[in-house]
Amino acid sequence: MTEPNVDIIDQLAGITPGSALDELRSHRQQARENAQRSFAALLEPEQPGTFGYDERYAVATLVAGLHGFDEASSFYRDLLSDAIEDETAVKRLAGIIDEVVTNNRVQGPFGIYREPQLANENRPGPDLRLTDEQRDALGARLSTAFQLAQILVLHPRDSRPEMLVPLSEAGWSTTDLVSLEQLIAFLAFQLRSAWGLRALAGTAPAPASAIAPDAAPPGSVATDENADVIALADEAHAAAVDATGEPAPLPADTLGTVGTPVRIYPELARPTHFVQHSLGWVPWLEPLAEDDLTDRHREALVEDLRAKNPYFRLLVRDPDALEARTLTDMDIFFNVDDGIGRAERELSATVTSRVNGCVYCASVHSARASHESEAAGASRQADVQRLLDRGVGAGALNGGAATDLGDDLWNAIERASAVLTLSPLEFGEADVDVLRTAGLDDLQVIDIINGAAFFNWANRLMLGLGEPEVPKRFLDQHQA
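From a predicted model like this one, the values you see are computed outputs, not experimental measurements.

1. Some words on the confidence of the model for the chain
Right, so step 1: Scored by pLDDT, the chain comes out at a mean of 91, with 90% of its residues at no less than 70.
Right, so step 2: Low pLDDT (under 50) marks residues 219-248, which in the prediction has 56 contacts with non-local residues, meaning those over four places away or in another chain.

See below:
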């Protein structure tokens, strides 16, 4: 266990009390405190249940390693050592994790889009490579957890419901799967936050070496195992609708014969590309029924209307984690007493979602970026649509020019947010300099770091727990 009153992001970022960065982080105090509460809920819960501390710290050590963040790897390895009393067992497990990281550090994000009109952006790459000896040593639960972690860290858009079946068969319950995905996704936020703050302070480590996805050794390669389901999207245009004109609840088939049921939706109306209009979302795991929500669940939802939403009713299976995450989100995106504007924060979220391949998140936050820019006096809807249509451009991921979004400020935010989304982590002083040159002060830079880091959390949950659905009124925009 960590020491009381230690802020882990501060610790990983090397921030000391009373320093300039300490003062700047205090401007987003609710986000700061609830990021730490998220760590406590996911890594040090008072009642870990069947998802033990040893498993949580082993997964965290792997995730930190895949990100190339050595200080974080050491931190989580120390927690792993504290959780396992047998020193020999700790050394063996830590050694296996080091081997797995070394053999699986690939440049991400890569993967296969579920959306057919985005097929030209597909970048196939490997799933996790484990030897039979490593699988035997890790056991079924950790082996499958590691496989899920590698997908969510490096190629989240390869997420499919089929990936959850081995975890179910290995004994992961629905609630534990939600906590596992929250833990992995939270770490994507925590590590980027700390790394970005290091870059702002001029102390970011050198990026870890990694191979390109298409140069990875042969092995298990991520493919579109759900292609037969996606091919049914055209047929879904004739699906029944309810009296509101929205898609009626579709019956879900299930995968697997033992353990946690995993849902699939053969008749789901799926999006074909990135859009600014609204989308629905359906879960692959069973949310809590609204009637089964306790007072604690409803408190953790923060807003009453979220009880109607299957996404939040799924996440509220781990109420402490959801509540802390929601309060972190609200401060990062809606506290505009100072710092950068709402439109620019939403732009950061949109860029991150575009790079990771999260069509649902991009739809929500591109529309918000357009709306907030108009509210600020200059509509940028066309610039936002250009980002959705073209992506950020290879240049933005290699230190060069991004897709032109109309001015130096938006272009700088686009590039910085895109680089912050890469795994292993690469964001550095040069990326901070681009933001400063565009006119941002250090608090505004932190807002961009926070926004991109948070949506590396959000994207992984949306991609890893379900998939988007097209409302009936927009079906004509999604002809395959």
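Now that the structure has been shown, the text picks up again.
2. Overview of helix H7 (residues 132-154)
Right, so step 1: Its 23 residues place the ends of H7 only 22 Å apart at the C-alpha level, less than the 33 Å of an ideal helix rising 1.5 Å per residue.
Right, so step 2: Along H7, the largest kink reaches about 115° and is centred on Gly139.

3. Re the packing of helix H15 (residues 359-375) against helix H19 (residues 442-465)
Right, so step 1: Look at H15 against H19: their axes get within 8 Å of each other, and the N-to-C directions meet at 130°. One element, H15, and the other, H19, form an angle in the oblique class. From H15, Tyr360, Cys361 and His365 reach across to H19, where they touch Phe455, Ala458, Asn459 and Met462.
Right, so step 2: Per-class residue counts for the contact of H15 with H19 are five nonpolar, two polar and no charged.

4. A few points about the packing of H7 against helix H9 (residues 174-201)
Right, so step 1: Relative orientation of the contacting elements H7 and H9 amounts to 45°, with a least axis distance of 10 Å. By the angle class used here, H7 and H9 are oblique. H9 is crossed by H7, and the crossing has right-handed handedness. Here Arg141, Ala145, Leu148, Ala149, Leu152 and Val153 of H7 lie close against H9, whose contacting residues are Asp176, Leu180, Glu181 and Ile184.
Right, so step 2: Among the residues making up the contact of H7 with H9, the classes are represented as seven nonpolar, no polar and three charged.

5. Concerning helix H16 (residues 381-390)
Right, so step 1: Looking at H16, one finds that the buried residues are Asp383, Val384, Leu387 and Leu388. Here the buried residues of H16 occupy an arc of 140° about the axis, which is enough to place them on one side. The exposed set on the far side of H16, more than 90 degrees from its buried face, consists of Ala382, Asp389 and Arg390.
Right, so step 2: Close packing links the buried residues of H16 with helix H14 (342-356), H15 and helix H17 (408-420).
Right, so step 3: Gly391 occupies a position one or two residues after H16 and carries a positive phi of about 75°.

So, how was this worked out
- Residues numbered from 1 in each chain as written.
- Predicted model: local features only at pLDDT ≥ 70, side-chain atom pairs only at ≥ 80, totals over all residues.
- Heavy atoms only, no water.
- pLDDT = per-residue confidence, 0-100.
- Contact = heavy atoms within 4.5 Å.
- Helix = DSSP H or I, 4+ residues; strand = E, 2+ residues; numbered from the N terminus.
- Expected span 1.5 Å × (residues − 1).
- Bend = angle between axes of the 7 residues up to and from the residue.
- Axes fitted to C-alpha atoms, helices over the stretch in contact; angles between N-to-C directions.
- Parallel < 35°, antiparallel > 145°, perpendicular 65-115°, else oblique.
- Nonpolar A, V, L, I, M, F, W, Y, C, P; charged D, E, K, R; others polar.
- Left-handed = near helix turned anticlockwise from the far one by under 90°.
- Buried < 20%, exposed > 50% of the residue type's maximum accessible area, 1.4 Å probe, protein only.
- Arc of directions from axis to C-beta.

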